[in-house]
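Residue-level structural notes
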Amino acid sequence: MSTRSTASLVIVGAGPRATGLLERIAANSDELWSGTRDLRIHLVDPHPPGPGRIWRHEQSPLLRMNSMAEDVTMFTDETSTVDGPVRPGPSLAEWAAQFAGAGGPRFAPYAEPADPQVLAELRTLAGTDFPTRRAQSAYLGWVFRRVRAELPESVTVEWHRTTATAVTGPPDGQQQVHLAGLAAPLNADLVALTQGHLESAPPPAHRTHAAFARRHGLFHLPPEFSADADLSALRPGEHVVLRGFGLAFVDLMVLLTEGRGGVYRTEPDGTPVYLPSGREPVLHVGSRRGVPYHAKTGYRLQGPRPPLPRHFGPEAIDALGAEGRPLDLRRDVWPLMAKEVGFGHYHELFHAHPERTAVPWDEFLTAYDPLDWYGDAMADLVATAVPDPADRLDFERLDRPLDGLAFPTTDAFQAHLRDHIAQDVARREDAAFSADLGAFLALLSVYGQLPRLVATGRLTARSLGDGLDGWWQGFFSFLASGPPCSRLRRLLALSRAGIVRFLGADVRVGTDETTGTFTATSPTVPGHTVRATALIEAYLPGPNLDRTGDPLLRHLHHAGELTEETVTGPDHTHRSGRFTVAPADAHIIDPTLGVPHPRRLALGAPTDSRAVAAFARPRTDAPAFRQNDAVARALLRQLDTVPLPDPTGEGPAGLAHPHPLPHQEETHERL
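Read on for an overview of the structure. What you are looking at is a predicted structure, and each value in this text was computed from that prediction instead of being measured.

**Some points on the pattern of salt bridges**
The tally for this structure, following the rule as stated, stands at 44 salt bridges. Its salt-bridge partner being E112, residue R123 comes within 3.5 Å of it at the nearest N-O pair. A residue pair is termed long-range when its members are at least 10 positions apart, and R123 in helix α3 (residues 116-124) and E112 in the loop between α2 (92-97) and α3 qualify at 11 residues. Within this structure, D30, R87, R146 and E150 form a network of salt bridges that share partners.

**Some points on the side chain of T162**
Mapped onto the secondary structure, T162 falls in the loop between β3 (155-160) and β4 (164-168). What makes T162 buried here is its relative accessible area of 8%. Other than its neighbours up to four places away in sequence, T162 contacts V44, D45, P46, L179 and A180.

**Remarks on the sheet that holds β4**
Strand pairing in a sheet relies on backbone hydrogen bonds, with the paired strands running either antiparallel or parallel. Spatially, the three strands line up as an open sheet ordered β4-β5-β6, and their pairing is antiparallel. Where the open sheet ends on each side, the last strands, each with one partner, are β4 and β6 (186-188). This sheet shows a mean twist of 25° between the axes of neighbouring strands, independent of strand direction. Here strand β5 (residues 175-179) pairs with β6 via three bridges, running antiparallel. Each bridged residue has a counterpart across the sheet, and for V177 the counterpart in β6 is L186.

**Considerations on the sheet that holds strand β8 (residues 219-221)**
Pairing within the open sheet is parallel, and its five strands lie in the order β8-β17-β9-β12-β13. Each having just a single partner strand, β8 and β13 (500-504) make up the two edges of the open sheet. When strand polarity is set aside, the average angle formed by the axes of neighbouring strands in this sheet is 20°. Both strand β9 (residues 239-243) and strand β17 (residues 534-537) contribute to a ladder of four bridges, which runs parallel. Paired with L242 across the two strands is I536, which belongs to β17.

**Considerations on the packing of helix α12 (residues 410-428) against helix α15 (residues 485-496)**
The interhelical angle for the contact between α12 and α15, taken along N-to-C directions, is 160°, at an axis separation of 10 Å. When the interaxial angle is binned, α12 and α15 end up roughly antiparallel. Relative to α15, α12 is oriented so that their crossing is left-handed. In contact with R418, I421, A422, D424, V425 and R428 of α12, α15 contributes C485, L488, R489, L491, L492, S495 and R496. A class-by-class count of the residues in the contact of α12 with α15 yields seven nonpolar, one polar and five charged.

**Regarding the pairing of strand β21 (residues 595-602)**
Pairing of strand β7 (residues 190-193) with β21, which is carried by three bridges, proceeds in the parallel orientation. Within β21, the position partnered with V191 by the bridge is R600. Linking strand β20 (residues 587-590) back to β21 in an antiparallel pair, the connection comprises four residues, with G594 at a positive phi of about 80°.

**So, the packing of aromatic side chains**
One pair of aromatic rings is described through two measures. These are the centre distance and the angle between the planes. All told, the structure shown has 31 aromatic pairs when counted by the stated rule. Between F107 and W142, the ring centres sit 6.2 Å apart and the planes meet at 65°, which makes this aromatic pair edge-to-face. Of this pair, F107 sits in the loop between α2 and α3 while W142 is found in helix α4 (residues 133-150), placing the two residues 35 residues apart along the sequence. Each member of the pair, F107 as well as W142, is classed as buried. For the pair W334 and F395, a centre-to-centre distance of 5.0 Å together with 75° between the ring planes defines the contact as edge-to-face. One end of the pair, W334, is in helix α8 (residues 329-352); the other, F395, is in helix α11 (residues 395-399), with 61 residues separating them in the sequence. Of the two residues examined, W334 and F395, each falls in the buried class. An aromatic cluster is present here, built from W334, W373, F395, Y447, W471, W472, F475 and F476 joined pairwise through their rings.

**Concerning the nonpolar core**
By size, the foremost hydrophobic cluster in this structure holds 94 residues, and its most contacted members are L231, Y346, W472 and I536. In contact with Y346, other than residues within four places in its own chain, are W361, F364, Y368, W373, V382, V386, D391, R392 and L393. The next biggest cluster of nonpolar side chains, apart from the first, holds 52 residues, and it includes L32, V72, A96 and L119.

**Observations concerning the environment of A455**
Along the polypeptide, A455 turns up in helix α13 (residues 435-455). Residues A455 and S609, spaced 154 residues apart in sequence, show a C-alpha to C-alpha distance of 8.2 Å.

**Points about the layout of surface pockets**
Taken as a whole, the second largest pocket holds about 590 Å³ of empty space. What lines the second largest pocket is a set of 26 residues, and nearest its centre among them are H294, R397, L398, D424 and R427. Of all the secondary-structure elements, those providing two or more residues to the lining of the second largest pocket are α8, α11, α12 and α13. For the lining of the second largest pocket, the element with the highest residue contribution is α12, accounting for seven residues. Of the residues belonging to the lining of the second largest pocket, the class tally is 13 nonpolar, five polar and eight charged.

**Considerations on the pairing of strand β16 (residues 529-532)**
Residues V530 and A532 point to one face of β16 and are all buried, whereas T529 and R531, pointing to the other face, are not buried. Both strand β15 (residues 517-521) and β16 contribute to a ladder of four bridges, which runs antiparallel. Each residue of the ladder has a partner; that of F518, found in β16, is A532.

Parameters at a glance
- Residues numbered from 1 in each chain as written.
- Predicted model: local features only at pLDDT ≥ 70, side-chain atom pairs only at ≥ 80, totals over all residues.
- Heavy atoms only, no water.
- Salt bridge = Lys/Arg side-chain N within 4 Å of Asp/Glu carboxyl O.
- Helix = DSSP H or I, 4+ residues; strand = E, 2+ residues; numbered from the N terminus.
- Buried < 20%, exposed > 50% of the residue type's maximum accessible area, 1.4 Å probe, protein only.
- Contact = heavy atoms within 4.5 Å.
- Pairing = 2+ DSSP bridges.
- Axes fitted to C-alpha atoms, helices over the stretch in contact; angles between N-to-C directions.
- Parallel < 35°, antiparallel > 145°, perpendicular 65-115°, else oblique.
- Left-handed = near helix turned anticlockwise from the far one by under 90°.
- Nonpolar A, V, L, I, M, F, W, Y, C, P; charged D, E, K, R; others polar.
- Phe/Tyr/Trp six-rings, centres within 6.5 Å; stacked < 30°, edge-to-face > 60°.
- Core = buried A, V, L, I, M, F, W, Y, C linked by side-chain atoms within 4.5 Å.
- 1 Å grid on protein atoms, 1.4 Å probe; cavity = no way out; pocket = protein on both sides within 12 Å on 5 of 7 lines; lining within 4 Å.
- Points joined across faces, edges and corners; volume = space filled by probe spheres on them.

The structure is reproduced here in structure tokens:
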């Protein structure tokens, strides 16, 4: 009697990136999986498959996404340029609508979320609402269940509720994935790393602040994911400096106000008023720009969708790479990126609001296409065709709104920044300014082209470090990754209540041994110093192989089996903290081999691919979906042909030990 052989794939990390990879494996199986052998897929993650750690249900119900429900999907669509089949699926909004009882379609496998609060939210969720993270967790859990059901019968999935600590094994043989708390490793023909965003130990500057805090009995929080932060030691009324004004700050603001019992009352004109619980600390917030991220738009496009890419697509990037010279981001690349964003902005303005333009769109576009973004001719064209300066796109004004401003008193600055925030909210809620959404879509298109740009290998060290990973990433997040307008309206209420105080731009944080306090100053309010007994670095930790908190990556790095992305120029060397993978199929570049490791792959945030978003806005040809598809196809081809060990010998190609150890049973689940 013959025994079917079994191939084994271990995926480390079971969050949305792993789920997206599984979706592409299921989609491509009809074409690329022969079914002559079985495939056992092992997911290794202490958190549930689908949402994983970041989107797990067990976090505060106060925390929300910064995307509208209709702008979140895990599925390919008609815009997806993938080699495998397109398999459309519902957005978060479309999936939620099935619970409203309106008689619409139900999506298999249908099941109502167990949490009554989440179910109640889904029943009333509009496409333009910003859902809670718990609602997204429920959606991602359903996506995983759907994907699992779509796999062929010969493919099974098992979840190991633990942490992978190491990967060993020869490049021409099976790999062993070692698991925390288990004696027997998992045997794997291939290993894919999809851990997502990871913790890292604080850099030296933060360790200095931590040591100061310990000496003086103060509170210090290095960069950390907000949902995981322990804020219980912060006392009511304690003065806290928060360095960072992005999404991490918004989460912390919510947890330290509403999370401590404060509530909002809405005035007849719609203005929120904060009613403190008395348990809140006082939050002093500042950053390099000194202003919060721009709010997300609360409307849809009013005109047709801009056809993107136009000026910064594959052809333009390949042409830059073909020049055979080092590329400076700001000089050589940014003008094309800016022109692409300008195209999206003006496409929406001319189509949706032609009464605010002075020439027909076709005439404007004919003149626009050949011009340089920063040339005098472009400035003249825009000034002639777009009479109102408020309708023109000015990146420099957007980037540093406090540059050149100084205020005599901190109260004067509070009033100024409240007015700035109020104007931003008003614009982002007013569809008359929907050109901002056209620019946003073009920003997403530009972002999706960056892996191709990096793969040319032409960017200088400074352009990759200070430019792409520094200025550009911050600028993109500032414009495109802000909170909902409702969050900024509540920020204004907290400012009026004296719970939040604005520090200004280019904030400098210091320490005072005499007073035993942290200090914060900004040139925005010269001569003003804030003293605080707590310091929070209000931003997320970046990738860093030297300080990674992930034990598996730490093991591979210390073993010399990862290659850190390093670019060296004549006057600068940039180490990104990411490890390198082959652009085509994401195989890990192993310096001990000098080539990509044939049995180890990696996707997502820790890698140099920079295609980090695991889910996407519909109809944007998301780069992560393209990468998932390419990798899934390569995996299936390799797993369908890789030589396998005799399953009657050392045990199945899954657990190296043929029987579970007694303490394994609680951490291993057949799905």
